[in-house]
Amino acid sequence: MSKASVGFAPGLLRRILFRAIISAVAVAVSLSVVQTEVAAQTPGNNEWDPKKTWIFAAGVIQFDDKDLQSWPDHNRIDDKMIQAYIRRGVPDDHIFYIKNKMATKANLEEKLAEHAKKAGKDDTFIFYYTGHGSRDYKQDSRPVNFMTYDTDSKWMVSDIVKTIQKNFTGNRVLLTADCCYSGAILEEVSRMSSRLPIAVFTSSRASSTSTGAWTFTQIITDALNGSPLLDLNGDGNITFQEMANYADEEMSFVEEQRVTYFPRPGSFFNKDLIFAKATAKKAPRVGERLEGEENGKWYKIKVLDSKDNKVFVTWLGWATTFDTWLTPEQIRPYKPVMMKNGTPIEIEWDKKWWKGSIVKNEMGLYFVHYDGYKDIDNEWVALNRVRLPKNQD
């Protein structure tokens, strides 16, 4: 018995539903805080400088293999992310953005090398990919590739890192990705020695699939736009650490997965790097992650607004037409009952149940180990992917 070799993002319906939630949150924030236009700023010593930044972004959500899940082009959040980079002051000629049919392996490899070479010695390089990620379970090292439009090709994560390292002559790199197994970027960075301080920020861990929704890319976009929700300490700055902490909490609650975040202490991409200035102070209670009661059952909710001791909420996984006001009696903190570490369990993977055990739990998720497999396959899973063995109460 062996585990399958390829993992893909969940279905389109969940993606559409969450788009509605994202839209509701954006509207609520705009109603709850004073919005200001995000302008290019003169950076300080510990601030990201957009004018000295080069962006390579690949958004591959359609493929030549019609049996492989694709997504529609309308309302792409990666489009909005690129526009946010431009508004922040990244020069147009510093951005290479490639999508769908143009994103063949040959084209991606050629254009990545060309774009990386253009940067100066004091510049920053940011890489972004969204699409499908595939992990090869037949090899002990579990190599991952990011799928290109020509799906028979394999754009290996290791080759991406090597291409940037070889061709970029600047002094700082941030690698980002929003896809299954995207945390493999960190594994590849860790395996090779590099003169570059490379930081990593991705939607999932190396051993985990990722949602089909735009949640992670939306978080990067919100950070670039200075959303007050990401200013966790309320000091007016959004740091690299705050963006990562917000992303981990949001992805855990909404998408039931953990992000990969690796800053570089002592380098430019350290945890205290100021990524953006918040546009305003966060309104009270907006953004809180709770449970709401409906007909005697409790469901995950997010707070969009508050007034007169009530909160206006959206229900995760439901259309915004169900958004409603709730009283204090109808809300409670999200604190699921968790099994103890070391508990023998069965874990759902690829529609089958596998024996394993709980290593630890955080943020309402389990970190699990599969019996008979190495720790490289340990992963964070949602509660509904874990059960006690049938012969155990």
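All values derive from a computational prediction rather than experimental measurement.

Procedures and definitions
- In every chain, residue numbers begin from 1 and rise along the written sequence.
- Where local features are concerned, this predicted model is filtered to residues with pLDDT of at least 70; where side-chain atom pairs are given and counted, the filter is 80 or more; whole-chain, interface and lining totals use all residues.
- Water and hydrogen atoms were dropped before computing side-chain values, which therefore reflect all heavy atoms in the structure.
- Each pair of strands is called paired provided DSSP finds at least two bridges between the two strands.
- In this text, helices come from DSSP runs of H or I with a minimum length of four residues, and strands from runs of E with a minimum of two, each type numbered from the N-terminal end.
- Two rings from Phe, Tyr or Trp (for Trp, the six-membered ring) form a pair when their centres sit within 6.5 Å of each other. Planes less than 30 degrees apart are called stacked, planes more than 60 degrees apart edge-to-face, and all others tilted.
- Burial status follows relative accessibility: with a 1.4 Å probe on protein chains alone, a residue under 20% of its type maximum counts as buried, one over 50% as exposed, and anything between as partly exposed.
- Lysine and arginine charges are scored as sitting over a ring when NZ or CZ, respectively, is within 6 Å of the ring centre and within 35 degrees of the ring normal.
- Axis lines are fitted to C-alpha atoms, over the contacting stretch for helices. Their N-to-C directions set the angle, which ranges from 0 to 180 degrees.
- By definition in this entry, angles of less than 35 degrees are roughly parallel, angles greater than 145 are roughly antiparallel, angles of 65 to 115 are roughly perpendicular, and the rest are oblique.
- Helix crossings are classified by the rotation of the near helix relative to the far one: an anticlockwise turn of less than a right angle makes the crossing left-handed, while a clockwise turn makes it right-handed.
- Two residues qualify as a contact provided that any one of their heavy atoms is within 4.5 Å of a heavy atom in the partner residue.
- As a working rule, the residues Ala, Val, Leu, Ile, Met, Phe, Trp, Tyr, Cys and Pro are called nonpolar, Asp, Glu, Lys and Arg charged, and the rest polar, with Gly in that last group.

Strands sit in the order β20-β19-β18-β17-β21 across an open sheet of five strands; the sheet is antiparallel. With partners counted over all chains shown, the strands left at the sheet margins are β20 (379–381) and β21 (386–387), one partner each. Bridge analysis of strand β17 (residues 344–349) against β21 gives two bridges, and the strand direction is antiparallel. Looking across to β21, one finds that Glu346 is bridged to Arg387.

The next subject is the packing of aromatic side chains. Taken as a whole and judged by the stated rule, the model has 21 aromatic pairs. Considering the side-chain rings of Trp354 and Tyr373, the 6.2 Å spacing of their centres and the 80° angle between planes classify their relative orientation as edge-to-face. A residue pair is termed long-range when its members are at least 10 positions apart, and Trp354 in strand β18 (residues 352–362) and Tyr373 in the loop between β19 (365–370) and β20 qualify at 19 residues. Ring geometry for Phe367 against Trp380: centres 5.0 Å apart, planes inclined by 40°, an arrangement best described as tilted. Placement of Phe367 in strand β19 and of Trp380 in strand β20 is noted, with a sequence separation of 13 residues between them. As far as the burial class goes, Phe367 and Trp380 line up, both buried. Three or more aromatic residues joined by ring pairs make a cluster, and in this case those are Phe56, Phe96, Phe127, Tyr129, Phe146 and Trp155. Directly above the aromatic system of Trp353 lies the positively charged group of Arg387, at a separation of 4.0 Å from the ring centroid.

Between helix α2 (residues 77–88) and helix α6 (residues 215–224), the shortest axis-to-axis distance is 9 Å and the interhelical angle comes to 20°. Classified by the interaxial angle, the pair formed by α2 and α6 is roughly parallel. Crossing of α2 against α6: the hand is left-handed. Side by side, α2 and α6 meet where Ile77, Asp78, Lys80, Met81, Ala84, Tyr85 and Arg88 of the first sit next to Thr217, Gln218, Ile220, Thr221 and Leu224 of the second. Classifying every residue of the contact of α2 with α6 gives six nonpolar, three polar and three charged.

So, on to the pairing of β19. The side chains of a regular strand alternate, first on one face of the sheet and then on the other. The buried fraction of β19 amounts to six of the six residues, a majority that puts the element mostly inside the structure. Where burial is concerned, the two faces of β19 agree: the one with Leu365, Phe367 and His369 and the one with Tyr366, Val368 and Tyr370 are both buried. Pairing analysis gives six bridges linking β18 to β19, with the strands arranged antiparallel. When the sheet's bridge partners are listed, Lys360 is paired in β19 with Phe367. Where β18 folds back on β19, the antiparallel hairpin that results is connected by two residues, among which Met363 adopts a positive phi of roughly 55°.

Working note: a packed helix pair is described by the angle between its axes plus the distance between those axes. Contact geometry of α6 with helix α7 (residues 240–255) gives a least axis separation of 10 Å together with a crossing angle of 150°. With respect to their mutual orientation, α6 and α7 come out roughly antiparallel. Crossing of α6 over α7 shows right-handed handedness. Where α6 abuts α7, its residues Thr215, Phe216, Ile219 and Ala223 lie against Met243, Tyr246, Ala247, Glu250, Met251 and Glu255. The class makeup of the residues in the contact of α6 with α7 is seven nonpolar, one polar and two charged.

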